Amino acid sequence: MSPTLESIIITVLLSAIPLVFILLYALVTLYLEMKVAAHMQDRVAYMRTGWHGVLQPFADILKLLQKEDTIPAAADRFLFILAPYIVFVGTYAAFAIIPFTNIYIGSNIHLGVFFLIGVSSLVVIGILMGGWASNNKWSIFGAIRSAAQMVSYEIPTALSVLIAVMITGSLNLQEITQFQEGGIQNWVLFGGPLPLSTKLMLLPFTFITFLILFTASLAEVNRTPFDLPEAESELVQGFNTEYSGMRFAMFYLAEYANMFVVSAVAVTLFLGGWSSPFGDFMSGPVWGAFWLIGKAMVFVFLQIWIRWTLPRLRVDQLMYTSWKVLTPFLFVCLFAVGLILVL
Amino acid sequence: MTAVATYFGNIFRSLYTVAVGMRITFKHLFVPAVTLQYPDVKLKMPERARNRLYVNIDDCIGCDQCSLACPVDCISIETIKSTADQDLGVTSTGHKKRLHVPKFDIDIGKCCYCGLCVYPCPTECIVMTDVYEFAEFDRHNLLYKFSRMTEGEIGEAETKLKKAEEEAAAKKAAAAAAAAAQPKPEPPKAP
Amino acid sequence: MSESRVIPTNYVTKPEDLKTSSGRTLRTDEMIINMGPQHPSTHGVLRLEIVVDGEIIVDAIPHIGYLHRCFEKHAEHMTNYQQVIPYVDRMDYVASMNNDLAYALAVERLLKIEVPERVEYIRVIMAELQRIASHLIAVGTFGIDSGAFTPFLYAFRDREFILDLFEMTCGARLLYNYIWVGGVSHDLPPTFIEKAKEFCKYFKPRLVDFNNLLTYNEIFVKRTAKVGVLPRDVAINYACSGPMLRGSGVDWDLRRDDPYSVYHKLHWDVVVGKGEVGAVGDCWDRHIVRMREMEQSVRIIEQALEAIPAGNVQAAIPKRIRPDHGEVYVRTETPRGELGFYVVGDGTASPYRVKARGPAFVNLSVLPEISRGAMLADLVLIVGSIDIVLGEVDR
């Protein structure tokens, strides 16, 4: 059936909802990151802009908006300009398949998670572009490291997702969430709504899988301890070095949005998504959004907490962790979960 | 076998030390911050604080000791001798003032806040205060001029000094001429 | 069949094997990267010219001189020996008291004067407090180099207490002009001793916390173990000193082996690196030497606070410093290593020559040797573990 003008407008409006959400969420997370970091370090962060600095994220965005837009003379103009947008598109496309509530999901396709893993590789291309087009040795270093890191951590991510999909039986995130409805005991982290004996056998493997998914997602987002591509103390700013003003803001927006995406996906796959942990109490369309965003924010906070505690891993240690620690463990879990589900 | 043991040992140690570190930072989340909100809350300076210099020019006797002691030469002093009939008074520490001080400039931008100028001053007129908020927008405002003599007073003192010197020189010339006009005494006879 | 079989494969094992269809070999090249004077991680204005092959460092050449302020030339034009002390402060601006102490000891030996015992004890207390403050900066910035931002702020919070103690005594927080030739500029204020004892009690558990957060963290250990290994003989041949030397297993501490002031009356352990994780003389060893030296400094301070006698601290300050013709070289143990002053007097009130042997300058010269073969990410840690202060390197 051919799309009418009405349906096009409705589609555009519906797909703009996550964009609005990203912008609001970025402001909140910027503020949260600075404040949490400050209080962990026994100091206060912004206090002057607004009460306790709540207007600071606005001030930051305004500052970035009015900065001079510099493009290095020897840079590859087209790629330089295109890179931030590709990174952002790669992140934003993932919002299409995250179910915010039981009635809203950007695009209810059967391939949900598969689409996500495919589209998040666009981010790698964007970063490589940004690093190469900057015509700066430090940027190239950062870009290449980042590409190697993100590609090698896609494997643990995909395997963990595969394990969750095996337990729930569908690739569509909306169906996965519906599978986990009914309370905290039905979450995939605790084995899913399966008989108790199966759950008990699945428990250690789902815990390990969830832990590995969280670690791999930290690497996907380029956060400490895996933030070598933007290691401030070595590479000035990695692939970001030559970017200023709004393009820089775009990269950062994409990073924060990515943080939310991976948290939301981890939460949807393992922790029940928009379903309430109390079963029927506090559930409904609006409550669903609250639960999803709340749970995802807990993991965003966890990511911030880890960033300000740990030193960063070196490139070869990063690779070692991915290929020689996370992937073998996941293969074992995959095999075990498959075995348990078959029996 | 030890390779397997190290492998698992490493993984366990990683998780354990990461958890310990995270516990420490989490604890610190609830420790009250140590930041002082500066313009609203200011630290009290201890009594020996070495910040901006201040000169009580009424007590200055123009001895130039502080200027000589300064390692970066930020104090410049000019003095004019006073004549016998001028009475410049006494400082608060009892020293008699004998010199006008028309120029007492401290370039506080050059000052290194070492405090070496404070110790040699006989009248303790140059002190380091606890003022630390004296930033200026224009660098030339950092040249502090402490002398309060006006142009007229300086001109007066200079003319008085010149007159006194001329008189003294004239007297000396007259005395020399008078000595030359007298008959020379006989040279002693050789034995 | 005696000939060995060559198994045809599409894999390329070495870059030299990459051949195009026309027979040309693909050439790989080394890259020269400039870690310029302005860089977030070199501790000051230091330029490192790094030749890398991929990520492995082939050579790292430090270029210094960006902070050269002609200290030694200034010293020749001062009107007296006391005026040189503010300049000496500013050499190693992170450990000012130790610089003052070294210079004052040198001139006192030139003049052949003795100072009262109270002055010696005050000087030791100040030097050890300054050692703690300087090591806190060193380990804090080392943490930042490895990516952990939080320990730096904990270190600085503890350093505030030390700076408050100093401010209470001499009025300044960073560049003190306190230890003079023949004595100290002010006597200790009445509340100093109890505040210092309070600080010692407060500081010991903070070190435990710091170690748990950073030093024993497995990620940090993996980053610093076996990195930048400085073998014992290389360290001695390059004249390294301080934690660099002790981290390589050499048991040498000037406070014990060439004692000055009242160190011969105090008891403490000299911390030596033993290669607990990885090799002897790696970055972790130097780090743990600094951490444990802080504990030992607290011990020294507590002993000195108990034993400090009464006396007049300004009794021996000479009115006129006019040494005879002569020269002297005095060395002390600063947080960075052996700081030596070679002072030549020529009978006038101003020195003929003051030469400073800066430990950071000598320690930095070992950088190309120990960073060969390391990765680029390691270079930052190696420079951080040498603990340089450019004011001392360039003077």
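Structure shown above.
Residue numbers restart at each chain and count upward from 1, following the sequence in its written direction. Each chain takes a letter, starting from A, and each ligand takes a number, starting from 1, following the order in which they are written. In keeping with the predicted nature of the model, local features appear solely for residues at pLDDT of at least 70, side-chain atom pairs appear and are counted solely at 80 or more, and the whole-chain, interface and lining totals rest on all residues. The basis for the side-chain values is all heavy atoms of the structure; hydrogens and waters are excluded.

**As for the overall build of chain C**
When helices and strands are tallied, chain C shows 15 helices and eight strands. Principal axes of the C-alpha set define a box for chain C whose edges measure 95 × 45 × 40 Å. Buried residues in chain C amount to 60% of all 395 residues. Considering only residue pairs separated by 6 or more positions, chain C has 70% of its internal contacts joining residues 24 or more positions apart. Surface accessibility in these figures is a Shrake-Rupley result with a 1.4 Å probe; residues are shielded only by whichever protein chains are displayed. As displayed, chain C offers around 15700 Å² of accessible surface, 54% of which is attributable to carbon and sulfur atoms. Each helix is a run of H or I in the DSSP string that is no shorter than four residues. Each strand is a run of E no shorter than two, and both are numbered from the N terminus. For every residue, the accessible area (1.4 Å probe, protein chains only) is compared with the maximum for its type, and the residue is labelled buried under 20%, exposed over 50%, or partly exposed between those bounds. The contact criterion used throughout is that any non-hydrogen atoms of two residues lie within 4.5 Å.

**Regarding the environment of Ile-98 of chain A**
Residues and elements named next belong to chain A. Residue placement: Ile-98 occurs in the loop between α3 (77-94) and α4 (112-119). Taking the C-alpha atoms as reference points, Ile-98 and Asn-172, 74 residues apart in sequence, are found 9.4 Å from one another. When residues no more than four places from it in sequence are discounted, the contact partners of Ile-98 are Ile-105, Leu-173, Val-261, Ala-264, Val-265 and Leu-292.

**Quick look at the sheet that holds strand β3 (residues 99-107) of chain B**
Residue and element names in this part refer to chain B. Here, strands pair whenever DSSP counts at least two bridges between them. Spatially, the three strands line up as an open sheet ordered β2-β3-β5, and their pairing is antiparallel. Unpaired on one side and paired on the other, β2 (75-81) and β5 (143-145) mark the two borders of the sheet. The average angle at which neighbouring strand axes cross in this sheet is 15°, direction not considered. Pairing analysis gives three bridges linking β3 to β5, with the strands arranged antiparallel. Residue pairing in the sheet places Ile-106 in a bridge with Tyr-144 of β5. Helix axes use the C-alpha atoms of the stretch in contact, all axes being lines fitted to C-alpha atoms, and the angles between their N-to-C directions lie in the range 0 to 180 degrees.

**Observations concerning the interface of chain A and chain B**
With 21 residues of chain A at the interface, the matching set in chain B holds 18 residues. For the chain A face of the interface with chain B, the top three residues by lost area are Met-40, Asp-42 and Trp-305 of chain A, together amounting to 33%. Salt bridge, as used here, is a side-chain nitrogen of Lys or Arg placed within 4 Å of a carboxyl oxygen of Asp or Glu. Our count for the chain A to chain B interface comes out at one salt bridge. Across the salt bridge formed by Arg-48 of chain A and Asp-40 of chain B, the nearest N and O atoms sit 2.9 Å from each other. Whenever a nitrogen or oxygen atom comes within 3.5 Å of another N or O atom, the pair is scored as a polar contact, on the condition that within protein one atom can donate a hydrogen and the other can accept it, and that pairs from neighbouring residues in sequence are kept only if both atoms are in side chains. Counting across the interface, chain A meets chain B through eight residue pairs in polar contact (both at pLDDT 80 or more). Every element with two or more residues in the side of chain A that touches chain B is listed here: α1 (5-40), α11 (285-307) and α12 (315-342) of chain A. Top element by residues in the side of chain A that touches chain B is α12 of chain A. It accounts for five residues. Within the side of chain A that touches chain B, the residues separate by chemical class into 15 nonpolar, two polar and four charged. Summed over both partners, the accessible area (1.4 Å probe) lost when two parts come together is defined as the buried area. Lys, Arg, Asp and Glu make up the charged group, whereas Ala, Val, Leu, Ile, Met, Phe, Trp, Tyr, Cys and Pro make up the nonpolar group; the residues left over, Gly among them, are polar.

**A closer look at a nonpolar patch on the surface**
Taken together, the side chains of Trp-51, Val-54, Leu-55 and Phe-58 of chain A define a hydrophobic patch exposed on the protein surface, amounting to about 460 Å² of accessible area. Among the secondary structure elements, Trp-51 of chain A is positioned in the loop between α1 and α2 (56-65). Only residues whose relative accessible area exceeds 30% and that take part in no salt bridge are eligible for patches, with like-charged residues grouped when within 9 Å of each other and nonpolar side chains (Val, Leu, Ile, Met, Phe, Trp, Tyr) grouped when within 5 Å.

**Looking at the side chain of Arg-246 of chain C**
All names here are of chain C. Among the structural elements, Arg-246 can be located in helix α9 (residues 243-247). Exposure remark for Arg-246: the relative accessible area of 0% places this residue in the buried category. At a separation of 2.9 Å, a polar atom in the side chain of Arg-246 contacts the side chain of Glu-333. Excluding anything up to four places from it in sequence, Arg-246 contacts Trp-252, Asp-253, Val-270, Val-271, Val-272, Gly-273, Val-289, Glu-293 and Glu-333.

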